[in-house]
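Residue-level listing of the chains:
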Amino acid sequence: MVTHGTVHMMLEVKNYTKNVTKAEITKFERDMRENPEYTCGVLASLSSGVCSKEDFSLEILNDRPVLYIHRLTEDPNRLRCAMRLFELMHSLENVDLSKTGVIDQVQRELTARRHRVAALQGLVDRHCKELKELIAKEDGETTKTLELVIGRCG
């Protein structure tokens, strides 16, 4: 259990090489139903996916939000993001989580966020590659200059 303010999150983390199975999902959901002290829940897999669930998908279980997170080790900050999402949901008064429109809107925002983060990661990767190439080129030029100075070339 992770507690922060009014958020009492049940956190279940799996470390499988294959996707977390339906049986594990069923157990997680049963644990959520049987423990009303949890105001929300996360089922996360460290290095694989969660069967039949999209990454960072939000569902409502007994009027409480639950998230399914894939490959948590790739970006551990997603757990912090989940907590912020739950805090925000808890702070909104009179939000009826059973309304399909509310969850649909949140899910659309989560999907849009995943796309924005993926685009940003692509920029980081591309610029990182370019910077490494520039550093290697500069290193090569410096080596040539030093070899000239000490008389190895020319």
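Placed above this text is the structure.
Residues numbered from 1 in each chain as written. Predicted model: local features only at pLDDT ≥ 70, side-chain atom pairs only at ≥ 80, totals over all residues. Heavy atoms only, no water.

Draft legend 1. Quick peek at the overall build of the protein chain. Summing up its helical and strand segments, the protein chain has 3 helices and 5 strands in all. Scaling as 2.2 N^0.38, a compact globule of 154 residues should have a C-alpha radius of gyration of about 15 Å, whereas the protein chain reaches 23 Å, well beyond that. Across its three principal directions, the C-alpha atoms of the protein chain cover 80 × 35 × 30 Å. Burial analysis of the protein chain (154 residues in total) assigns 32% to the buried set. A sequence separation of at least 24 residues applies to 64% of the contacts in the protein chain between residues at least 6 apart. Carbon together with sulfur atoms contributes 55% to the accessible area of the protein chain, which is approximately 10,000 Å² in total. (Helix = DSSP H or I, 4+ residues; strand = E, 2+ residues; numbered from the N terminus. Rg over C-alpha atoms; globule rule 2.2 N^0.38 Å. Buried < 20%, exposed > 50% of the residue type's maximum accessible area, 1.4 Å probe, protein only. Contact = heavy atoms within 4.5 Å. Areas by Shrake-Rupley, 256 points an atom, 1.4 Å probe, with all protein chains shown as cover.)

Draft legend 2. Inspection of the pairing of strand E5 (residues 64–69) at higher detail. The buried fraction of E5 amounts to 6 of the 6 residues, a majority that puts the element mostly inside the structure. Here E5 shows no split at all, with Arg64, Val66 and Tyr68 on one side and Pro65, Leu67 and Ile69 on the other all buried. Relative to E5, strand E3 (residues 40–45) is paired through 4 bridges, and the arrangement is parallel. Paired with Val42 across the bridge in E5 is Leu67. Bridge count between strand E4 (residues 57–61) and E5: 5 bridges; the pairing is antiparallel. Considered in E5, the bridge of Leu58 is made with Leu67. Joining the antiparallel neighbours E4 and E5 is a turn of 2 residues, in which Asn62 adopts a positive phi near 55°. (Pairing = 2+ DSSP bridges.)

Draft legend 3. Just the nonpolar core, in detail. Counting 18 residues, the largest nonpolar core has Val42, Leu67 and Phe86 as its most contacted members. Ranked by residue count, the leading element in this core is helix H2 (residues 77–91), at 6 residues. Beyond its immediate stretch of four places on either side in the chain, Phe86 contacts Val7, Met9, Cys40, Gly41, Val42, Pro65 and Leu67. Core analysis: the next-biggest nonpolar cluster, separate from the first, contains 11 residues, Met10, Val20, Val50 and Val66 among them. (Core = buried A, V, L, I, M, F, W, Y, C linked by side-chain atoms within 4.5 Å.)

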